[in-house]
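Listed below, chain by chain, are the residues.
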Amino acid sequence: MGPVPRNGLDAFSQWRDDGGVTWQLTNDVRTFGDLVGPLMAADPAAHTIGLTVIERALARSPDAPHADSYGYWVEPDGSVTGGFSITPPHAVLLEVLPDAALQPLVEALGDRLTRVNAPEALATRMAAEWSKVRGGTASVSMRTRLFRLGELTPPDPAPDGYARAATSEDLDVLVVWWRAFHDEIPGPDLVDDPAAAVAELLARDACRLWCTPDGTPVSMAGISVPAVGAVRIGPVYTPAGLRRHGYAAGATAAAATAAQERATEVLLFTDLANPTSNALYPRLGFSPVMDRVTYRFDA
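Residues numbered from 1 in each chain as written. Predicted model: local features only at pLDDT ≥ 70, side-chain atom pairs only at ≥ 80, totals over all residues. Heavy atoms only, no water.

### Re helix α8 (residues 275-283)
Among the residues making up α8, those that are buried are S277, N278, L280 and Y281. For α8, the buried positions fall inside an angular range of 160° around the axis, keeping them on one side. Exposed residues on α8 whose side chains face more than 90 degrees from its buried face are P275 and R283. Lining the buried residues of α8 we find β7 (137-149), β11 (230-237), α7 (247-260), β12 (265-271) and β13 (286-298). A side-chain oxygen of the first residue of α8 lies 3.0 Å from the backbone nitrogen of T276; this N-cap is N274. A positive phi of about 110° marks G285, the residue just after α8. (Buried < 20%, exposed > 50% of the residue type's maximum accessible area, 1.4 Å probe, protein only. Helix = DSSP H or I, 4+ residues; strand = E, 2+ residues; numbered from the N terminus. Arc of directions from axis to C-beta. Contact = heavy atoms within 4.5 Å. Polar contact = N/O pair within 3.5 Å; in protein donor to acceptor, adjacent residues only side chain to side chain.)

### Focus on the environment of F297
Within the secondary structure, F297 is located in strand β13. Sequence-wise, F297 and A138 are 159 residues apart; in three dimensions their C-alpha atoms are separated by 4.6 Å. The residues contacting F297, other than those within four sequence positions of it, are L113, T114, R115, V116, A127, W130, T137 and A138.

### Structural notes on the packing of aromatic side chains
Per the counting criterion, the structure on display carries 6 aromatic pairs. When the ring of W23 is compared with that of F84, the centres are 5.2 Å apart and the planes differ by 65°; the resulting orientation is edge-to-face. In this pair, W23 is assigned in strand β2 (residues 22-26) and F84 in strand β4 (residues 80-86), connecting sequence segments 61 residues apart. Taken individually, W23 and F84 each receive the classification buried, so the pair is uniform in this respect. Put simply, the rings of W23, W73 and F84 touch in pairs and so form one group of aromatic residues. (Phe/Tyr/Trp six-rings, centres within 6.5 Å; stacked < 30°, edge-to-face > 60°.)

Structure, rendered in structure tokens:
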């Protein structure tokens, strides 16, 4: 192997081994989307997060500040067979990656590789490679399960109240709920600026609320941007004192109905540590597809 920069993304634009295999780095999401997007699009449900990263970046204003970086793995014959994305403060995101690229990625990213989010098998291989190269400890910080909607089965009986689209008048309460949702989820990789995240949802008419009969919002369910014909429901949140009344089921069913008008596949992730949500979604018509794991790396 040739010399490998150890101080992270700022130090390298490419990494090449003696066989001509290369990691290339770019800040241009269009390049990344053109080269790695087709690999993920072969299974848009399994790679919904990576595809959504591309769609959200493409929708961003060209002048908007960002620190996103993307890498793609180039074989000796010039074909691209994998890639990664880094969208701070989230974990390094892996979707499609050959085993031969794992050790070079650990070496190339160096100290910048502190967390990784990937399909379970790939995440486990990456964690083992990181421990072998760096000699540190890789520990699971979160396990999630992807569900796909079949035939939507609204809750019966329905909770008291009704569903409606969230509007700008709901901004303040949704910002509070967004922050509370992230406070309950383990790991910093889900943290976003609440006001900006909620404003983006509202601008896309991508949030449904369940309200009590007097009009008080009691639960929310967001809808992601469409990516290769698929959308995800989330976040889904009900304040702690209002749970166990079926409000989340009502909000989720309303969001799923809206999502079906925007995409051919409706997906959502659950935290496997939350037995309530993992029991709820199958009752609404969602079936499990695959698991993802986020690992934390401690040198």
